[in-house]
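Architecture and fold: a report
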Amino acid sequence: MSSLKRILFFIKQYQEQLQKKWKSIPLLLLFPILIIGLSLTVIITLFLPNDEESIQVGLVDLDQSEETTMLVSVIDDSTLLGSYIHISKYSEEEADRAIENGSISTYIIFPENFTDDLYKGNTVEISIIGNPNMPVDSYMIKELMDSMTRYIASAQANILTIDEYAQQLPIDDAKRQEILMKQFNQFMLFTISNDKVIHEKEIANIATSSPLQYFSLSGWFVLFTIWIVSIYILLGKEESMSMWNRMRLYGVTILQRLVSRFIVSLLYGLILALFGFYLLINVMGIEFYLIDYARISALVSLYSILFLVGLSLIDLLIKSNKLALIVQLFFTAFVLFMSGSLLPSLYFPEEVKSVLPYLYSTETFYWLNEVALKGRMYVDYTLLLTLAVTSIFVLIAIAIWKERRQS
Amino acid sequence: MKAILYTRALHWSKQPFSMICWLFLPIIATCTFVTIANQWQSETQIPVGLVIEDDSIMAENLSQSISDISLITIKEMNKDEALVQLEQHQLDSVFVIKDGYQESIQNNSRNQVITAYVSDMSLAYSPVKEAITSYVQQDAGNAKAAHVVEQLVTEYGGDKSWGWEEIIVRSKAIQEEEALLHSTFTFYDQMEPEQENSGITLWNVWGIWAFFAFLTTFFIYDWVIKEQRSAIKVRLSLLRISFRSYMLRNAFVYLVLLGMFDLINVLVLSVYFDQSINLAQVIAIVSFRLTISIGAFLFALYFRTTFLFYISSILAAIFFSVIGGAFIPIDGLTDRYEWLTYASPIHAFLKGQVIKAWLIVLLVILFIWYWRKEKVNAYR
């Protein structure tokens, strides 16, 4: 009984601590929003093309044969993929200078004797030089060029086949060259129009989630996880050994302090999380009934319990304050990533996918998704409940063991 | 100065393991992070549904080669099931090989032989589509070549005639035997071409190292706060040098220590990741180290408790790394807002600048701190 009284006492004390630090709380709570917003802006500006500038690519023709000159003059100053990629012709020195002052992101070199080697079947190598200051653009152009060269390589094989058989037929050389030239052009067209192969249909199911909803939910999930961590860390305070000794004279155990810190963080975390969720639902205009809120609160509480147990365990097991803080940081990042909110868990490697059903963050996020976005009426709490209960027992056991060790 | 070195060494010898850990943390963390990220990327598998409505040999070969693609995991099923799973977002996309595939290819009409179904959450559709298109294109190309040869035979006569299959087999053989067109990719300042599967171009090794270096520097500089505890501060009044000077000399010792470990870090990183190291980069690293150490020193002077200091340094590290483009390149943002390049010392480091605005500003603040207090004390 006295144990309970002490827990209540510490809860009150933590509450007061929180109130004393009330000035830093808004900063702490707003900070994750700021960081998430910044990261999103950075990612979006990375993938969306800049309105004024498209990706600039240079073309250097060292071969100067009839075919390449024709090809280059056709492509020069043209745009691919709408106005997304802009190709221009350069000489080699001009291209080098353009990379140095950053006006093009990559340039492509057609080596000497390109066409001759192509016809004869010798090794031909197209070099792509990228700008180290624009890695993403260079990478995209590299991928594009890689797939183009793959196509051209197969076209080349086919032309060589035709050539081989044509040589065995009674055709004179000039005529054969003309035929090959025609085939070369035809295969070029064939290659460039390769997107005709696939007929695309998009399925848009309004009942299931759209990317916007999915990522808003994951944003909320990340946000309230960070809030829980922040409140938990804010409540921490290192106490000197003398203070601990004095407290132990009164019969205070590590476990009691731990439990009260746990409960305070849990309560405040829950309030913030549910408040955020309510905002989210209203902004997105999803229909929600009271029973659904109850389900969400149950899910969120189980998840928070498990998460806080993890954090407390790290605190218990690691003596150095600095190290504990860093490990908690990594733990949070790990939990968030594994939950599938940053990258849908569909895209994880196979070995990881077999472990996923046992991780509580993945499970939680999956069920949150189901209830919130897909309108499911049923949640299977078994895994989360068992994990929560087990982890609480583990926590109590380790706390008691640590207490024994200290005395 | 020797005395200060001696006292610091005493201090470190009390916790050698902890100091070593902290000094090596950036390198260990960066290596682990980049290795895991690369491993992850190379093992990512995208689940894709395949529906085969044609039962010709060509369709079977096609499905065989598609399932050999390492990027995707093929799940064969019938169409309705596949569409349902696609709607539930358990599959990324669904590809249907339509009935009559072989005939269309052999008749040289390869348009729209495959139907693809995508949902609005299909993030990986483009690379998968590329891969499958290339296989179909190969089949179609071989068939086209065979077509042309047959046409030539009918046009120019001759007593030769080759079977359709024979031509296709020959074409495939040529594709394997002959060394055909390929492309190589290098960055402008690198000597060796990148390997096919190195995903390093996407993860900025230096950026991640900069984040961890920032964090650990700030954490190591908590000695400033510990020195300022009133119980210990009393003994400092017995020194011959002023308090400010004492702090500055200690800061210098730490700076040299961190600098030495920086060089070790950089060596290990360059060997591990095949990055080229030149003099300009080394100077940029030295300048970065200087900036961060002075920043950590001044920042720590502001705090009374280590606890708040740790939290604020974590927040500052995350903030400056995101703004500086350590994790994700911020080129898109800096194109629009030029002033952002000045917002973070990490950004300047990543671009290889030696003299940075941050360095100058921090040096100025340091001088002001050092000289101002002296004057105040002189009047008392």
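Calculation notes
- Residues numbered from 1 in each chain as written.
- Chains lettered and ligands numbered in written order.
- Predicted model: local features only at pLDDT ≥ 70, side-chain atom pairs only at ≥ 80, totals over all residues.
- Heavy atoms only, no water.
- Helix = DSSP H or I, 4+ residues; strand = E, 2+ residues; numbered from the N terminus.
- Buried < 20%, exposed > 50% of the residue type's maximum accessible area, 1.4 Å probe, protein only.
- Contact = heavy atoms within 4.5 Å.
- Areas by Shrake-Rupley, 256 points an atom, 1.4 Å probe, with all protein chains shown as cover.
- Axes fitted to C-alpha atoms, helices over the stretch in contact; angles between N-to-C directions.
- Parallel < 35°, antiparallel > 145°, perpendicular 65-115°, else oblique.
- Left-handed = near helix turned anticlockwise from the far one by under 90°.
- Nonpolar A, V, L, I, M, F, W, Y, C, P; charged D, E, K, R; others polar.
- Buried area = accessible area lost by both parts, 1.4 Å probe.
- Salt bridge = Lys/Arg side-chain N within 4 Å of Asp/Glu carboxyl O.
- Expected span 1.5 Å × (residues − 1).
- Pairing = 2+ DSSP bridges.
- pLDDT = per-residue confidence, 0-100.
- Patch = residues over 30% accessible without salt bridge, like charges linked within 9 Å, V, L, I, M, F, W, Y side chains within 5 Å.
- Lys, Arg positive; Asp, Glu negative; His and termini not counted.
- Charge placed at Lys NZ, Arg CZ, Asp CG, Glu CD.
- Core = buried A, V, L, I, M, F, W, Y, C linked by side-chain atoms within 4.5 Å.
- Phe/Tyr/Trp six-rings, centres within 6.5 Å; stacked < 30°, edge-to-face > 60°.
- Disulfide = S-S within 2.5 Å.
- Polar contact = N/O pair within 3.5 Å; in protein donor to acceptor, adjacent residues only side chain to side chain.

Helix and strand content of chain A: 15 helices and 6 strands. Split into buried and exposed, the 407 residues of chain A put 48% on the buried side. Counted over contacts in chain A with a minimum sequence separation of 6, partners at least 24 positions apart contribute 74%. Of the roughly 20,500 Å² of accessible surface on chain A, 64% is carried by carbon and sulfur atoms.

What follows is about the overall build of chain B. If you tally the helices and strands in chain B, you get 16 helices and 5 strands. Here chain B, with 380 residues, has 50% of them falling under the buried criterion. Of the contacts made within chain B by residues no fewer than 6 positions apart, 75% connect residues no fewer than 24 positions apart. Element-wise, carbon and sulfur atoms account for 60% of the exposed surface of chain B, whose accessible area totals about 19,100 Å².

Another aspect to go through is the packing of helix 8 (residues 211-235) of chain A against helix 10 (residues 254-284) of chain A. All names here are of chain A. Direction vectors running N to C along helix 8 and helix 10 enclose 155°, while the axes themselves pass 9 Å from each other. One way to sum up the angle between helix 8 and helix 10 is to call them roughly antiparallel. The two elements helix 8 and helix 10 cross, and the hand of that crossing is right-handed. Residues Gln-213, Ser-216, Leu-217, Trp-220, Phe-224, Trp-227, Ile-228, Ile-231, Tyr-232, Ile-233 and Leu-235 of helix 8 touch helix 10, and the partners they reach there are Arg-261, Val-264, Ser-265, Tyr-268, Gly-269, Leu-272, Ala-273, Gly-276, Phe-277, Leu-280 and Met-284. Split into classes, the residues belonging to the contact of helix 8 with helix 10 amount to 16 nonpolar, 5 polar and 1 charged.

At the junction of the two partners, chain A supplies 103 residues and chain B supplies 99 residues. Three residues stand out in chain A for area buried against chain B, namely Tyr165(A), Lys322(A) and Tyr347(A), and they jointly supply 8% of the buried area on that side. Remark: the boundary between chain A and chain B carries 1 salt bridge. The closest approach of N and O atoms between Asp222(B) and Lys322(A), which form a salt bridge, is 3.4 Å. Here the element with the most residues in the side of chain A that touches chain B is helix 6 (residues 135-167) of chain A; it accounts for 21 residues. Here the residues of the side of chain A that touches chain B sort into 54 nonpolar, 31 polar and 18 charged.

Side-chain pairing between opposite charges can occur once the charged atoms of the two side chains come close. Residues and elements named next belong to chain B. Taken as a whole and judged by the stated rule, the model has 5 salt bridges over all chains. Here Arg-8 and Glu-227 are joined by a salt bridge, their closest N and O atoms 2.5 Å apart. A residue pair is termed long-range when its members are at least 10 positions apart, and Arg-8 in helix 1 (residues 2-14) and Glu-227 in helix 9 (residues 223-227) qualify at 219 residues. Of the two residues, Arg-8 and Glu-227, both sit in the buried class. Two residues, Asp-262 and Arg-289, come together in a salt bridge whose shortest N-O distance is 2.6 Å.

Residues and elements named next belong to chain A. Look at helix 12 (residues 321-338): 26 Å from first C-alpha to last across 18 residues, which is about the 26 Å you get at 1.5 Å a residue. Among the residues of helix 12, Lys-322, Ala-324, Leu-325, Ile-326, Gln-328, Thr-332, Val-335, Leu-336 and Met-338 are the ones counted as buried. In the segment just after helix 12, Gly-340 is the residue with positive phi, at about 85°.

Now for the pairing of strand 1 (residues 55-61) of chain A. Residue and element names in this part refer to chain A. Taken across its 7 residues, strand 1 has 6 buried, putting it largely inside the fold. Bridge count for strand 1 against strand 4 (residues 106-110) is 5 bridges, and the pairing is parallel. Residue pairing for strand 4: Asp-61 is matched across the bridge by Phe-110.

All names here are of chain B. Averaged over all residues, the pLDDT of chain B is 77; the fraction at 70 or higher stands at 85%. Mean pLDDT across the elements of chain B bottoms out in helix 14 (residues 331-336) (64) and peaks in helix 8 (residues 205-220) (86). For residues 191-201, every residue scores under 50 in pLDDT, and the model assigns this stretch 17 contacts once sequence neighbours within four places are set aside.

Turning our attention to a negative patch on the surface. A surface patch of like charges, here negative, comprises Glu53(B), Asp55(B), Asp99(B) and Glu103(B). Structurally, Glu53(B) is set in the loop between strand 1 (46-52) and helix 3 (57-67).

Residue and element names in this part refer to chain A. By the element assignment, Leu-62 lies in the loop between strand 1 and helix 3 (66-75). On the basis of relative accessibility, which here comes to 32%, the residue Leu-62 falls in the partly exposed class. In this structure, the C-alpha to C-alpha distance between Leu-62 and Ile-109, residues 47 residues apart in sequence, is 7.1 Å. Setting aside chain neighbours within four positions, we find Leu-62 in contact with Glu-92, Ile-109, Phe-110, Pro-111 and Glu-112.

The subject of this paragraph is a nonpolar patch on the surface. Taken together, Leu385(A), Val389(A), Ile392(A), Phe393(A), Ile396(A) and Ile400(A) make up a surface patch of nonpolar side chains, about 500 Å² in accessible area. For Val389(A), the position within the fold is in helix 15 (residues 382-406).

To continue, consider the nonpolar core. Within the largest apolar cluster, 140 residues are counted, with the highest numbers of intra-cluster contacts made by Leu217(A), Trp220(A), Phe224(A), Phe277(A), Tyr221(B), Met247(B) and Phe297(B). If you tally residues by element for this core, the top one is helix 8 of chain A, at 15 residues. The next biggest cluster of nonpolar side chains, apart from the first, holds 49 residues, and it includes Leu169(A), Ala116(B), Val128(B) and Ile167(B).

The subject of this paragraph is the packing of helix 11 (residues 290-317) of chain A against helix 15 of chain A. A pair of packed helices is characterised by two quantities: the angle between their axes and the separation of those axes. Residue and element names in this part refer to chain A. Between helix 11 and helix 15, the least distance of the axes is 10 Å, while the angle of their chain directions is 25°. Of the possible angle classes, the one that applies to helix 11 and helix 15 is roughly parallel. When the axes of helix 11 and helix 15 are compared, the crossing they make is left-handed. Between helix 11 and helix 15, the contacting residues are Leu-299, Leu-302, Ile-305, Leu-306, Val-309, Ser-312, Leu-313, Leu-316 and Leu-317 on the first element and Leu-384, Leu-385, Leu-387, Ala-388, Ser-391, Ile-392, Val-394, Leu-395, Ile-398, Ala-399 and Lys-402 on the second. When grouped by side-chain class, the residues that make up the contact of helix 11 with helix 15 number 17 nonpolar, 2 polar and 1 charged.

To continue, consider the packing of aromatic side chains. What characterises a pair of aromatic rings is the spacing of the ring centres plus the angle enclosed by the ring planes. Residues and elements named next belong to chain B. Enumeration over the complete set of coordinates arrives at 36 aromatic pairs over all chains. Consider the rings of Tyr-302 and Phe-303, whose centres lie 5.7 Å apart with planes at 85°: the pair is edge-to-face. Members of the aromatic cluster, connected to one another through ring pairs, are Trp-22, Phe-214, Phe-218, Phe-219, Phe-299, Tyr-302, Phe-303, Phe-309, Tyr-310, Phe-319, Phe-320 and Trp-358.

The subject of this paragraph is the state of the cysteines. Overall, the coordinates contain 0 disulfides over all chains when judged by the stated rule. There is no disulfide at Cys21(B), and the cysteine sulfur nearest it, in Cys31(B), is 15 Å away.

What follows deals with the side chain of Arg257(A). Residue and element names in this part refer to chain A. Considering the arrangement of structural elements, one finds Arg-257 in helix 10. Assessed through its relative accessible area of 8%, Arg-257 is described here as buried. Here the side chain of Arg-257 touches Tyr-14 through a polar contact of 3.0 Å, side chain to side chain.

Bringing the side chain of Ser265(A) into the picture now. Summarising the element assignment, Ser265(A) is placed in helix 10. Overall, the relative accessible area of 0% leaves Ser265(A) in the buried class.

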